[in-house]
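What follows is each chain in one-letter form.
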Amino acid sequence: MTVKRDIKTSWKAATRLVHAGQVRSPFKETSETLYMTSGYVYDSAEEAEAAFDNSQPRFVYSRFGNPTVAMFEQRMAAIEGAEAARATSSGMAAVFASIACQVKAGDRVVASDALFGSCQFILAEILPKWGIETVFVDGRDLAQWQQALAKPTRVVFLETPSNPGLRLVDLKAVCDLAHAAGANVVVDNVFATPLLQQPLTFGADVVVYSATKHIDGQGRCLGGVILGTEKYINETLQPFIRHTGPSLSPMNAWILLKGLETLDLRVRAQCASALRIAEALRGHGKLTAVQYPGLKDFAQYDLAKQQMSAGGTMLSLSLAGGKAAAFRFLNALELVLISNNLGDSKSLATHPMTTTHQRLTAEQRAKQGIDDGLIRLSVGLEDADDLIDDVLNALKAV
Ligand SMILES: *Cc1c(COP(=O)(O)O)cnc(C)c1O
């Protein structure tokens, strides 16, 4: 059961972010209604029966659907240009359900190797235990994709730009190869946000988000969302979600709806500051590299231009002095906070080697381009000059 408010096809993203999906109660409130309820009542036993045999679709239990959650799902679908969406309790619940609902023992999954740590864990540790073969490739290398996709494959999973190395995958080329191998392509689009990159337009079948990141964007709650065709969402995903229960709380759906209203403003401002910081740091003597997809000397700049409308809110810096230098840098920051979250209105810095990617072996980290001095910087909404001052001052302490 979903709610629908028709949107005009001419509405641009910023307009959809504010209005799409809202259904008003008879009180005609301005703001989205928070339906904080686990269950629903029926006027008669016959009505309950009709709800359960689906002859009278309606909300029956909030594990299956809830009006506030449905508003969030509709708004996300309207921004992404997807036929349908399902919200989940976290980004990882979205990643797991989006893949697990479509694989069985004996199937094959091919993924890029530069992934968020928990996504890598699902693919490398959990799925193989259930008899699913997973193959990792360097996501930047089309020859590796081609070789891995020479065999029939059920699912392709990738992240672009990747966390934290900001490596890009050529969406169009990989989707074409995947489809020829019979695979559905699932894209984790967290770093790009729905505003900077639309994987469905390059041929992806499913897009997933950790809504915890830019969609909330204000450090308040966890959430996730899965987008795709009506057929995939209703027939493949919904039975899996309905019975395994990674449902989003109505409270969190409401927070995320309010987050979406300002997503366009926030992401634009964060991208502009990220580019300024990247330019200010390029060539700095204490850094061996500054990675930002919006910089002209970024290794995959042409691909970034082709599939992203801006460089994003994230950049990574490699300190010449390894872990010790990275720690001195982090500890010298006064404005930017040390945190492993990202996409927040507060600027956040993390050392992936010792936090988010600690579980990987040194060899795995090296393969993903995570050197010991790598710092991931999530650019927030502070004044860009203040951020540049803070980062440059902290570099002096190294
Ligand atoms: C944070 C993140 C996730 C996981 O999301 P949670 O909301 O923390 O569960 C998945 N993929 C990427 C790229 C992320 O940054």
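Here's what I pulled together on the structure shown here. Remember, it's a predicted structure, so these values are computed and weren't measured experimentally.

## Focus on the site of the ligand
Working step 1: The environment of the ligand is made up of 14 residues, and the closest members are Met92, Asp188, Ser210, Thr212 and Lys213.
Working step 2: Separating an oxygen atom of the ligand from a side-chain N or O atom of Ser210 is a distance of 2.7 Å.
Working step 3: Side-chain polar atom of Lys213 to an oxygen atom of the ligand: 2.8 Å apart, as the coordinates give it.
Working step 4: Expressed as a share of its isolated accessible area of 380 Å², the protein-covered part of the ligand is 92%.
Working step 5: The residue makeup of the shell around the ligand, split by class, is five nonpolar, six polar and three charged.

## Section: the packing of helix α11 (residues 263-281) against helix α15 (residues 384-396)
Working step 1: Remark: α11 packs on α15, axes separated minimally by 10 Å, with the N-to-C direction vectors making an angle of 35°. The chirality of how α11 crosses α15 is right-handed. Touching Ser273, Arg276, Ile277, Ala280 and Leu281 of α11 are Ala384, Asp385, Leu387, Ile388, Val391, Leu392 and Leu395, all from α15.
Working step 2: Looking at the contact of α11 with α15, its residues break down into nine nonpolar, one polar and two charged.

## Observations concerning the sheet that holds strand β8 (residues 287-291)
Working step 1: What the five strands build is an open sheet, ordered β8-β9-β12-β11-β10; its pairing is mixed. With partners counted over all chains shown, the strands left at the sheet margins are β8 and β10 (337-338), one partner each.
Working step 2: Relative to strand β12 (residues 374-378), strand β9 (residues 314-319) runs antiparallel, the two being bridged by five bridges. Counterpart to Leu315 in the pairing with β12 is Leu377.
Working step 3: Here α11 sits on the sheet in contact with β8, β9 and β12, set at roughly 20° to β9.
Working step 4: Sitting on the sheet, helix α13 (residues 322-332) touches β9, β10, β11 (348-350) and β12, and the angle it makes with β9 is about 125°.

## Section: a nonpolar patch on the surface
Working step 1: Together, Leu34, Met36 and Met251 give the surface a local cluster of nonpolar side chains, amounting to about 260 Å² of exposed area.
Working step 2: Here Met251 shows up in helix α10 (residues 250-261).

## A closer look at the pattern of salt bridges
Working step 1: Overall, the coordinates contain 15 salt bridges when judged by the stated rule.
Working step 2: The partner of Lys258 in a salt bridge is Glu32, and the shortest N-O contact between them spans 2.7 Å. In this pair, Lys258 sits in helix α10 while Glu32 sits in the loop between α1 (13-19) and α2 (45-52), placing the two residues 226 residues apart along the sequence.
Working step 3: Classification of Glu32 by relative accessible area gives buried; the value is 4%.
Working step 4: Note that Arg220 and Asp216 form a salt bridge whose closest N and O atoms lie 2.7 Å from each other.
Working step 5: A relative accessible area of 40% means that Arg220 is categorised as partly exposed.
Working step 6: Three or more residues are tied together by salt bridges with common partners; here these are Glu32, Arg75, Lys258 and Glu261.

## Section: the packing of aromatic side chains
Working step 1: Under the criterion given, the structure shown has four aromatic pairs.
Working step 2: Geometrically, the ring pair formed by Tyr61 and Phe64 is edge-to-face, given 5.7 Å between the ring centres and 75° between the ring planes.
Working step 3: Looking at Lys213, its charged tip hangs above the ring of Phe116, at a distance of 5.0 Å from the centre.
Working step 4: For Arg242, the ring lying beneath its charged end belongs to Phe64, and the centroid distance is 3.8 Å.

## Structural notes on unusual backbone geometry
Working step 1: Here the amide bond leading from Thr160 into Pro161 is cis, since omega sits at -5°, within 30 degrees of zero.
Working step 2: Its location among the elements puts Pro161 in the loop between β4 (155-159) and α7 (171-180).
Working step 3: Residues Asn163 and Pro164 are joined by a peptide bond in cis, for which omega reads 0°.
Working step 4: Its location among the elements puts Pro164 in the loop between β4 and α7.

Calculation notes
- Along each chain, residue indices are assigned from 1 in the same order as the chain's sequence is written.
- Two thresholds apply to this predicted model, a pLDDT of at least 70 for residue-level local features and 80 or more for giving and counting side-chain atom pairs, whereas whole-chain, interface and lining totals are computed over all residues.
- Values reported for side chains reflect all heavy atoms of the structure, with hydrogen atoms and water molecules removed beforehand.
- In these notes, residues near a molecule or strand are those with any non-hydrogen atom within 4 Å of it.
- Polar contacts here mean pairs of N or O atoms no more than 3.5 Å apart (in protein, one a potential hydrogen donor and the other a potential acceptor; neighbouring residues in sequence count only if both atoms are side-chain atoms).
- Calculation of accessible area relied on Shrake-Rupley with a 1.4 Å probe; when residues are assessed, cover is drawn exclusively from the protein chains displayed.
- Think of it as three bins: nonpolar holds Ala, Val, Leu, Ile, Met, Phe, Trp, Tyr, Cys and Pro, charged holds Asp, Glu, Lys and Arg, and polar takes everything else, Gly as well.
- A fitted line through C-alpha atoms serves as each axis, taken over the contacting stretch for helices, and the angle formed by two N-to-C directions is quoted from 0 to 180°.
- For helices the rule is a DSSP run of H or I covering at least 4 residues; for strands it is a run of E covering at least 2, with both sets numbered from the N terminus onward.
- Should the near helix be turned anticlockwise from the far one by less than a right angle, the crossing is left-handed, and should it be turned clockwise, the crossing is right-handed.
- Whether two residues are in contact is decided by their heavy atoms: any pair within 4.5 Å suffices.
- Here, any two strands with at least 2 DSSP bridges between them count as paired.
- Only residues whose relative accessible area exceeds 30% and that take part in no salt bridge are eligible for patches, with like-charged residues grouped when within 9 Å of each other and nonpolar side chains (Val, Leu, Ile, Met, Phe, Trp, Tyr) grouped when within 5 Å.
- Whenever Lys or Arg places a side-chain nitrogen within 4 Å of a carboxyl oxygen from Asp or Glu, that contact is recorded as a salt bridge.
- Think of it in three bands: with a 1.4 Å probe and only protein chains considered, a residue is buried below 20% of the maximum accessible area for its type, exposed above 50%, and partly exposed in between.
- Only centres within 6.5 Å qualify two rings of Phe, Tyr or Trp (six-membered ring in Trp) as a pair; their planes then separate them into stacked at under 30 degrees, edge-to-face at over 60, and tilted for everything else.
- Lysine and arginine charges are scored as sitting over a ring when NZ or CZ, respectively, is within 6 Å of the ring centre and within 35 degrees of the ring normal.

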